[in-house]
Amino acid sequence: MTERTVSHATFVIDRTYDPPPERVFAAWTSPEVKSQWFGDVANPSPDYQLDFRIGGRELNKGGPEGGAVYTYDALYQEIVPGQRIAFSYIMDMVRTRISVSVATVEFKPDGQRTRLIYTEQGAYFDGHDKPEFREHGTKELLNNLATYLAR
């Protein structure tokens, strides 16, 4: 019998972006815009879906060329326009569930700029994923967001 394990972790990423909160928030709300910074921007998924509303779903698939396909499947739990987004999501590697997470993104005015606070609580299964990998990947996504906003 295969031993099953779960590890839990919380991480917080605090970033400041030059545009005001309305513009930073808007970058999360449209599939045309979010697909430009979320995921592999050099090779975006043709199957990307975003239904940005409470109860709406976001779906993204991808992975390294010739490697495993990862699936991100999110459900929006709370949206306060310009201020907060809360969602839960699962990550699968091929057909193996590797994690379940709850995340909150807060958008706070910082003068004319935006302070974005991303908090994620995750359960990582059977050693297939690790909190430090997820935090690193999320930081990369938020770097992509900075690049998008700087255009």
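Above this note sits the structure.
The following paragraphs examine the structure supplied in this document. Because the structure is predicted, anything quoted here is derived from the model rather than measured. (Residues numbered from 1 in each chain as written. Predicted model: local features only at pLDDT ≥ 70, side-chain atom pairs only at ≥ 80, totals over all residues. Heavy atoms only, no water.)

A word on the overall build of the protein chain
What the protein chain contains, in helices and strands, is three helices and seven strands. Starting at the N terminus and walking to the C terminus, you meet the elements of the protein chain as β-α-α-β-β-β-β-β-β-α. At 15 Å, the protein chain has a C-alpha radius of gyration in line with the 15 Å of a compact globule built from 151 residues. Considering only contacts in the protein chain between residues 6 or more positions apart, those separated by 24 or more positions represent 51%. For the protein chain, the exposed surface amounts to about 8500 Å²; the carbon and sulfur share of it is 51%. Of the charged side chains in the protein chain, 17 are positive and 21 negative; the average position of the first set lies 1 Å away from that of the second. (Helix = DSSP H or I, 4+ residues; strand = E, 2+ residues; numbered from the N terminus. Rg over C-alpha atoms; globule rule 2.2 N^0.38 Å. Contact = heavy atoms within 4.5 Å. Areas by Shrake-Rupley, 256 points an atom, 1.4 Å probe, with all protein chains shown as cover. Lys, Arg positive; Asp, Glu negative; His and termini not counted. Charge placed at Lys NZ, Arg CZ, Asp CG, Glu CD.)

A closer look at the sheet that holds strand β2 (residues 49-50)
Taken together, seven strands build an open sheet; the order of strands is β1-β7-β6-β5-β4-β3-β2 and the sheet is antiparallel. Edge positions in the sheet fall to β1 (6-17) and β2, since each has one partner strand and no second. Relative to strand β7 (residues 113-125), β1 runs antiparallel, the two sharing twelve bridges. Bridging from a neighbouring strand, T10 pairs with Q121 of β7. (Pairing = 2+ DSSP bridges.)

Overview of the nonpolar core
Nonpolar side chains in soluble globular proteins generally cluster together in the buried interior. W28, I85, F87, L116, Y118 and L145 are the most contacted members of the largest nonpolar core, which totals 34 residues. Among the elements of the structure, β1, α1 (21-26), β4 (70-80), β5 (84-93), β6 (96-110), β7 and α3 (131-150) are those that each provide at least two residues to this core. With five residues, the single largest contributor to this core is β5. (Core = buried A, V, L, I, M, F, W, Y, C linked by side-chain atoms within 4.5 Å. Buried < 20%, exposed > 50% of the residue type's maximum accessible area, 1.4 Å probe, protein only.)

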